[in-house]
Amino acid sequence: MGSKMKKETTFIYALVPLLFLMGSLFYAIQIAHIDVHIPILASAFFAAGVAIFGLNYTWNEIEEGMMETIKMSLQAIIILMIIGMVVGTWIQSGVVPTMIFYGLKILSPGIFLPATVMICAIVAIATGSSWTTAATVGIALIGVGEGLGIPRNIVAGAIISGAYMGDKLSPLSDTTNLAPAMAGTDLFTHIKHMLYTTVPSFVITLIMFAFLGKKYTGVALNTELIDRILGTLSGNFNLNPILLLVPVIVIGAVVMKVPAIPGLFFGSILGGIASIVFQGATVGSAFTALHYGYVGESGLAMVDDLLNRGGLDSMMWTISLIICAMILGGIMEKTQMLATLALKILSVAHNTGNLILVTIITPIFVNSVAGDQYLSIVITGRMFKEAYAERGLHPKNLSRSLEDAGTLTSPLIPWNTCGAYMIATLGLAPWTYVPYCFLNLINPVIAIIYGYTGFSIEKLEKVEKVEAEV
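Undergrad: Now, about the overall build of the chain: what can you tell me, with residues and values included?
TA: Along the chain, the regular secondary structure elements total 23 helices and zero strands. Relative to its length of 470 residues, the chain is compact, with a C-alpha radius of gyration of 23 Å against a globular reference of 23 Å. The C-alpha extent of the chain, read off along each of the three principal axes, is 75 × 50 × 50 Å. A burial count over the chain gives 57% of its 470 residues as buried. When contacts within the chain are restricted to residue pairs at least 6 apart in sequence, long-range pairs at least 24 apart make up 79% of them. Total accessible area computed for the chain in this model is approximately 18800 Å², and 68% of it derives from carbon and sulfur atoms.

What follows is the structure, encoded as C-alpha cells:
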C-alpha cells in the first residue's frame, strides 16, 4: 500500500469525514445524550479509513500526523492542568470566595441588570467557568429579578452576557487556553488582543441593560437569597481583602513577562500558602486541593455547587477531549482534508475583511451542526491557521476571532451543549432569551467591522513571518 501513488484530496473526500462527524455528534448530543469524545474518536478513524482506502495513505503517515498535532497542543494541556491546580487552591484559600463576596456586594436596586452583568463577569473571571456562574450566582439572580418583576429572559440575557464575557477573558477558562493553542499564539497575548473587541461590546451591553433597567429604579430589592450566599461565604471562609493580592501578584508577574506555565504554577503554590495562612489548612489538604480540587460542605447547596471544583483531575475531561479532537484534526490535516475544506471556504476570502468574516461564520456553523464549542474552535483554528500566516497576519487575530464567534455564540444555539445547558439551568424556553444576550450578539459584529476597517488587525513582524512560514 505504501508504494501506491496518492490520489488528490478532492472536496468530496474531505467532506465525507466531516459529514460523518456531524452525524456522530448529532446522535451523541441529541439522541444518546452522551459525551462527544468517542464519536470524535470514531470520526477520526473513519477519516483514517477514507485516507487509507480512498487516497492511498499509509497508517504510518496518518499516525505521524496525529502525533505532530497532539504535540502542538501539549503546551495548552500543561497550562490546563496547572489552571485546575490554581482553581483548587484559590478556592480553598478564600481568594475566589472573596472575589465573589465583593462582587455580590455591588448589587443595588437601581442598577440590577447592569449589576447582574458585572457580577456574573466577576464570578466567571474568578472561576473561569460560564456554566458554574450560571448554575450558582445566575440562579440566585434569576430569583431576585423575578422578585422585581423583571422578565426571566431579560435577566438570563444579562447573566449569559456577563458569564461569557468573564469566561472569554479568564486565563482559567479552557476555551481561552484552547483558542491560542489552535491559532499558534500564547495565552496572555490572546487575552490582551481580545480586549479590543470585548471591552466595547461589554460597554455597549452595560448601556443597553441600564436602559432596560430604568423602569425598575426605586423598587425595593429582595436580597434574602443573596444575603444567604454572603452569610454562607463569610461563615465558611476568612474573607480578607489581602487575599486579593494573590491574583494581583500573578497578573503582575504576567505583566513582567513571566511565561504562562511558571507564572500560573507560582499562582497555584501562592494559593496553597494563602490557604494555610488565612484558612488554617494543612500542607496535606493544600496538596489535595492542588490534585483533586476544593471539597467542602458550607450548609448551602448553591455555594457548594459554586466552590466544590478545581484540581488537576478536574481538567482531565477537557484534556481528553482536546486529545481526541487533535487526533481527528491531525488525520484530516496530514491527508490534506482540512486544507481542501479551507481552500473551498477561503475561495471567497479575497481580502482581510472577508477572511475575518469567514473566520467568524465558520465557528457559528460548526456550533450549529456539531453542537460543541470546543470543536468550533479546534476545527476552525486548524483550517485557517496557514491562511493567516500566508497573509502575514498575526495568529492572535485568528485566536481572537475563534472566541468572538466560537465561544460567544455557543449558548445561543439550543441544541449546542452550551445552549442546552443554559436553557435547562436557567429555566428558559429555546430562542426566547437570545435577543437579550447583547454581548454574545454584538461582539461578533464588532469583530467583522474591525476586519473590514483594519482596526486592531495586527501584522506579523518580519522575523515572526519567517518563523510562521518555516
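Undergrad: An account of helix α3 (residues 59-72) is requested, with residue identities and associated values reported.
TA: For α3, built from 14 residues, the straight-helix expectation of 20 Å at 1.5 Å per residue is met to within 8% by its first-to-last C-alpha distance of 20 Å. Listing the buried residues of α3 in full gives Ile62, Gly65, Met66, Thr69 and Ile70. In an axial view of α3, the angular spread of the buried residues amounts to 130°, which keeps them on one side of the axis. The exposed set on the far side of α3, more than 90 degrees from its buried face, consists of Asn60 and Lys71. On the buried face of α3, the contacting elements are α2 (37-55), α4 (74-92), α16 (316-334) and α19 (373-390).

Undergrad: Can you explain the side chain of Asp304? Please cite residues and give values.
TA: Locating Asp304 in the fold gives a position in helix α15 (residues 301-307). Leaving out residues up to four positions away in the same chain, Asp304 has contacts with Gly296, Glu297, Ser298 and Gly299.

Undergrad: Before we move on, could you go through the packing of helix α9 (residues 174-183) against α19 and cite the residues and values that matter?
TA: When two helices pack together, their arrangement is given by the angle between the helix axes and by the axis-to-axis distance. The geometry of α9 relative to α19 is characterised by a closest axis approach of 8 Å and an angle of 15° between their N-to-C directions. If you check the angle between α9 and α19, you find them roughly parallel. For the element pair α9 and α19, the recorded crossing hand is right-handed. Residues Asp174, Thr175, Leu178, Ala179, Met182 and Ala183 of α9 lie in contact with α19, whose contacting residues are Gln373, Tyr374, Ile377, Val378, Gly381, Arg382 and Lys385.

Undergrad: How would you sum up the pattern of salt bridges? Please name residues and give values.
TA: Side chains that differ in charge, positive against negative, can pair when their charged atoms come close. Under the criterion given, the structure shown has five salt bridges. Ionic pairing is found between Lys6 and Glu61, a salt bridge with its closest N-O pair at 2.8 Å. Taken together, the positions of Lys6 in the segment before α1 (11-32) and Glu61 in helix α3 put the pair 55 residues apart, joining distant regions of the chain. Its relative accessible area of 35% is what places Lys6 among the partly exposed residues. Of the charged contacts, one joins Lys334 and Glu64 as a salt bridge, the two residues approaching to 3.8 Å between their closest N and O atoms. Taken as a pair, Lys334 in helix α16 and Glu64 in helix α3 lie far apart in primary sequence, 270 residues in all. Under the relative-accessibility criterion, Glu64 is labelled partly exposed at 40%.

Reading guide: rules and limits
Residues numbered from 1 in each chain as written. Predicted model: local features only at pLDDT ≥ 70, side-chain atom pairs only at ≥ 80, totals over all residues. Heavy atoms only, no water. Helix = DSSP H or I, 4+ residues; strand = E, 2+ residues; numbered from the N terminus. Rg over C-alpha atoms; globule rule 2.2 N^0.38 Å. Buried < 20%, exposed > 50% of the residue type's maximum accessible area, 1.4 Å probe, protein only. Contact = heavy atoms within 4.5 Å. Areas by Shrake-Rupley, 256 points an atom, 1.4 Å probe, with all protein chains shown as cover. Expected span 1.5 Å × (residues − 1). Arc of directions from axis to C-beta. Axes fitted to C-alpha atoms, helices over the stretch in contact; angles between N-to-C directions. Parallel < 35°, antiparallel > 145°, perpendicular 65-115°, else oblique. Left-handed = near helix turned anticlockwise from the far one by under 90°. Salt bridge = Lys/Arg side-chain N within 4 Å of Asp/Glu carboxyl O.

From the geometry alone we can't say anything about function, so treat these as descriptive.
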